[in-house]
Amino acid sequence: MPKKRILLAEDEEHLLEAIKLNLELEGYKVSTANNGKKALQIFKEERFNLVILDVMMPEMDGFVVAETIRLENSEVPVMFLTAKNTNEDKIAGLKKGADDYLTKPFNLEELILRVNNLVKRGLKGEDLKEFNSYKIGDKTIHFNSFELVNEDGSITALTKKETMLLKLLIERRNEAVSREQILETVWNYDVYPSTRTIDNFILTFRKYFEPDPKNPVYFHSIRGVGYKFTDNQH
């Protein structure tokens, strides 16, 4: 049976090595990263049964990494490691799609127990609802196949970036999402699209979904802030 794979991102080297060693002794195959950007890069190259993220990391923090992972994969369990112990931080972590949260300093045995439980749960797929499709008006977005199915059954192909941006706006529906957040989660700062680029995506979405693109009811530009998807039906 192939080993279960874990992605571990932690910038404290001694802690990273200690956790890696203990997970390997449990029979896991562990890939490591010491910053958020590298963690995302590794995540995109391999498949994992669990992702463990330190919250405070260079390049990109654990919350942003988790949110970006969730746009592409709603199934893989995510656990946060953090020195922050406030309820606000825990709630923030869970909102970003985390399945568990462990505060430093922690007992390695407890970590292993939680890891085993999360990997088992991930395998069974219990309590992990996949966000596969979403209906806007009479059109349905299928996130896994990058398709938009129109009312007449015809299909419009979506690009990966279009799908990720739609997913981000829909997950944060009725909230303004800043340009900075869109850049971090959809573009990962690999390239710096101009504001115009994001505006063009929004114009495209209006053509796809709005009954009257000049008077949008779903996709709004919030001057000086960013963008908002409004849907009161869900």
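Residues numbered from 1 in each chain as written. Predicted model: local features only at pLDDT ≥ 70, side-chain atom pairs only at ≥ 80, totals over all residues. Heavy atoms only, no water.

- As named in an unreviewed UniProt entry, the chain is Two-component system alkaline phosphatase synthesis response regulator PhoP, taken from Mucilaginibacter yixingensis.

## Observations concerning the sheet that holds strand 9 (residues 155–157)
And step 1. An order of 6-7-8-9 is seen for the four strands of this open sheet, with the pairing classed as antiparallel. Each end of this open sheet is capped by a strand with a single partner; those strands are strand 6 (133–136) and strand 9. Strand-to-strand, the axes of this sheet are offset by a mean angle of 20 degrees, without reference to chain direction.
And step 2. Pairing between strand 7 (residues 139–142) and strand 8 (residues 147–149): three bridges, direction antiparallel. Bridge pairing links Ile 141 to Leu 148 in strand 8. (Pairing = 2+ DSSP bridges. Helix = DSSP H or I, 4+ residues; strand = E, 2+ residues; numbered from the N terminus. Axes fitted to C-alpha atoms, helices over the stretch in contact; angles between N-to-C directions.)

## Overview of the sheet that holds strand 12 (residues 226–229)
And step 1. In space, the three strands of this open sheet follow the order 10-12-11, with antiparallel pairing throughout. The open sheet terminates on both sides in strands that have one partner only, identified here as strand 10 (176–178) and strand 11 (219–222). On average, each strand axis in the sheet is tilted by 30 degrees relative to the strand beside it, whichever way the strands run.

## A closer look at the side chain of Asp 100
And step 1. Relative to the elements of secondary structure, Asp 100 occurs in strand 5 (residues 100–103).
And step 2. Accessibility expressed as a relative area gives 17% for Asp 100, which makes it buried. (Buried < 20%, exposed > 50% of the residue type's maximum accessible area, 1.4 Å probe, protein only.)

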